[in-house]
Protein chains: 2
Amino acid sequence: MAASSLLRSLTRHARGASAYHRHQPWSPFSTTAAAAGAGARRDEESKGFPGLGPTAKGEKARVVVLGTGWAGSRLMKDLDTGGYDVVCVAPRNHMVFTPLLASTCVGTLEFRSVAEPLARIQPAVSKSPGSYFLLARCTGVDPDAHMIDCETVTDGEKDTLEPWKFKVAYDKLVFACGAEASTFGIHGVTEHAIFLREVHHAQEIRRRLLLNLMLSDVPGLSEEEKRRLLHCVVVGGGPTGVEFSGELSDFIIRDVKQRYSHVKDYIHVTLIESGVRLVQGIVKDVQPNKLILDNGEEVPYGLLVWSTGVGASPFVKSLRFPKSPGGRIGIDEWLRVPSVRDVYAIGDCSGFLESTGKDVLPALAQVAERQGKYLASQLNRVIKAGGGHADSEAEADPGPPFVYKHLGSMATVGRYKALVDLRQSKVR
Amino acid sequence: MAASSLLRSLTRHARGASAYHRHQPWSPFSTTAAAAGAGARRDEESKGFPGLGPTAKGEKARVVVLGTGWAGSRLMKDLDTGGYDVVCVAPRNHMVFTPLLASTCVGTLEFRSVAEPLARIQPAVSKSPGSYFLLARCTGVDPDAHMIDCETVTDGEKDTLEPWKFKVAYDKLVFACGAEASTFGIHGVTEHAIFLREVHHAQEIRRRLLLNLMLSDVPGLSEEEKRRLLHCVVVGGGPTGVEFSGELSDFIIRDVKQRYSHVKDYIHVTLIESGVRLVQGIVKDVQPNKLILDNGEEVPYGLLVWSTGVGASPFVKSLRFPKSPGGRIGIDEWLRVPSVRDVYAIGDCSGFLESTGKDVLPALAQVAERQGKYLASQLNRVIKAGGGHADSEAEADPGPPFVYKHLGSMATVGRYKALVDLRQSKVR
């Protein structure tokens, strides 16, 4: 078949030069746009308001959720979308089933098995005219105006996508933006180590491991260099670090032995645990090819996975709400941010204020999911009582507080075996 | 479970500073190392020869294959590994089933379905002591010395992997390194367009498409910008371009309608075909957000896929062998490079010399695979006749030449339909 006979088509798109500005110049929120209703997205833009304006009486109230982790996903799943519109603002359009993430690094599971698109958790964001998933980060909050500032996420896009700024007005705002891996201020961690919290981390680990296996087989390489390339170092002896080390060991025992038989005797795994004191730990410095421990020893590595604890992200640190011990967004027993109206926080980014007398809960998926579920039922109850909109009076009685009951912990240890701890000891 | 009680381990790897040079200084090939046998990889390194030295009498002859495409994979699959060791040097450790690549871009198929690891095609590269897959590129050839220069592939590695240089001696050398997408010298193609020849291209297309769909739903975006973001332009009306456009259309009609209902009316596809004259074509310039056609028209796009024809790669252009019309490595009717001994070329990188009186075959998978099969049977026949080693006398009679018979062409057009052309017209 001659190429030209298959198809010829040419569409004319000639437009003026002004068509190629990537976004409208930003103009301040105008109260005229405030009265616009659900069908007025085009009107908002033409009136000079880049964003979603406040909902009008008679329209559904809008819950804005920041984050798609365990807490945010559970909240959005259970929310009554007959009563609320849901607008989710997050840099990630899927939830990650974190307990199985370590298993994707070596192919025990595929990446798609641990990533659940938000649109399947809460279909309204795809189908409902007033509900959205927006691939963006929140950059600031104005609680009096009930407004957040946002910026689209275009990390890694070469040249064509600058971030767009826009605003979203909320009736209810929920922080569910999680925590961040702690580097303890150790130089070189961010540049040279791979974390294990997202699918792209697991993909990078898998890619690097396979690359090192292939490169180690190149003729002329020194023994020392072969061993360095195939030394996998895992820092952090908690569940993530142990599960990943277990998966890696299985991979070595079964797969490397068969498929990389030339180099199977060189590959080894080291797990480094910093100890119970939770200080800067034993790793003092991280360089491109080796760790330096605090006793001066050097540990050459080809792959470095950093799976220590988590802490408050820079975004959470930047928020001017009162904080819990440990620096998370401070909440009361009803998961509200008590200094303002209509703002809540759940999951790893939140912690009970000291004034509640309750200890900050651990940063666990179980806690986050339970809080998401509780908050959804709270918000759904409010809608039924005729409330939901900003500054509504109908929400004077918050009902029963959130109480966490730990059901147990599990961790895989490789070879399809696991450990289970059913002692209810997590609430300190 | 307290983290510290699960596992504590610390391995001492303290070595001197010299351990951290990433590779041995390269030293020239020494004839002492030449006598080293199959079990002497460590000896080669300690004698200062970074690479695989020539095979000795009594050892298996070594076939070095450059490339893991249709031609190289078929050759390696059929090669008699009882008689030959196979050393494959290529920047890619898998074969890509190219006819289905377009279908992975929108999720009709998964990427893993079109990538076949070389180790499954020819297990000897994993299991046999003298056979290798080396993730590297050939950078030069010395036909008299029967030696190639190589450099490991570490594209994209941030800071820890510089390429290592090494040499490989061959008894038989086969160029199967393929062709490259043609840009016709048009400015901006390499920077802004995505080709569709490798799995990572398909992954990039999928990622960009989904990113644009999400970003187009951001409030405050102009209509114009929404339309630009969701305009997918495909340049090249051959099978690849048409199949990809068909997949994209299916995706729009079925999936975008349901899952991105807010923006379903903005997404559209344009296929641009340059015409039979095969000159620079209608596209004159490619900029980050738009194409310029040669009549001055501007075509704004959010995604640009470049699927025109292929031509000789810079590596092939650099080789000093006589070339065919069109610039491919010149071969005789037995697929040999006739100006030297023990060198062959198959697939898109090869073409009949004018002196054979035969037309250069089209750059098709069918041709490449047939040539790989033929060459394997040629080489296997040689081994049985007692030849195989470099400069062997036993190969005076090359037997029947290679004859290509085209069996037909197929292309999918979306919705699980296809066109088939059974006219035997490909041999011009």
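Rules used throughout
Residues numbered from 1 in each chain as written. Chains lettered and ligands numbered in written order. Predicted model: local features only at pLDDT ≥ 70, side-chain atom pairs only at ≥ 80, totals over all residues. Heavy atoms only, no water. Patch = residues over 30% accessible without salt bridge, like charges linked within 9 Å, V, L, I, M, F, W, Y side chains within 5 Å. Areas by Shrake-Rupley, 256 points an atom, 1.4 Å probe, with all protein chains shown as cover. Salt bridge = Lys/Arg side-chain N within 4 Å of Asp/Glu carboxyl O. Helix = DSSP H or I, 4+ residues; strand = E, 2+ residues; numbered from the N terminus. Buried < 20%, exposed > 50% of the residue type's maximum accessible area, 1.4 Å probe, protein only. Pairing = 2+ DSSP bridges. Axes fitted to C-alpha atoms, helices over the stretch in contact; angles between N-to-C directions. Core = buried A, V, L, I, M, F, W, Y, C linked by side-chain atoms within 4.5 Å. Contact = heavy atoms within 4.5 Å.

K.L.:
Talk me through a nonpolar patch on the surface; I want residue IDs and the actual numbers.
P.N.:
All names here are of chain A. On the surface, a cluster of nonpolar side chains totalling about 360 Å² of accessible area is made up of Met410, Val420 and Leu422. Within the secondary structure, leucine 422 is located in the segment after β23 (418–421). On the basis of relative accessible area, leucine 422 is assigned to the exposed category, the value being 61%.

K.L.:
Give a description of the sheet that holds strand β16 (residues 298–300) of chain A that names residues and reports values.
P.N.:
All names here are of chain A. Pairing is antiparallel across the open sheet formed by 3 strands, whose spatial order is β14-β15-β16. Strands with a single pairing partner mark the edges of an open sheet, and in this sheet they are β14 (283–286) and β16. On average, each strand axis in the sheet is tilted by 25° relative to the strand beside it, whichever way the strands run. Alignment of β14 against strand β15 (residues 290–293), held across 3 bridges, turns out to be antiparallel. Each bridged residue has a counterpart across the sheet, and for valine 283 the counterpart in β15 is leucine 293.

K.L.:
Describe in detail the nonpolar core, supporting the description with residues and values.
P.N.:
Ile148(A) and Phe175(A) are the most contacted members of the largest nonpolar core, which has 100 residues in total. Here Ile148(A) is in contact with Val64(A), Leu66(A), Val89(A), Cys138(A), Gly140(A), Val141(A), Phe166(A), Lys167(A), Val168(A), Tyr170(A) and Leu173(A), once residues within four sequence places are set aside. Counting 99 residues, the second largest nonpolar core, distinct from the first, contains Cys105(A), Ala202(A), Ile205(A) and Val174(B).

K.L.:
Residue-level account of unusual backbone geometry, with values.
P.N.:
Residues and elements named next belong to chain A. The backbone of phenylalanine 184 sits at a positive phi, close to 55°, despite the residue not being glycine. For phenylalanine 184, the location among the structural elements is in the loop between β10 (180–181) and α7 (189–192). Even without a glycine there, the phi angle at leucine 335 is positive, about 65°. For leucine 335, the position within the fold is in the loop between β19 (329–331) and β20 (343–345). Judged by relative accessible area, leucine 335 falls into the buried class, the value being 0%.

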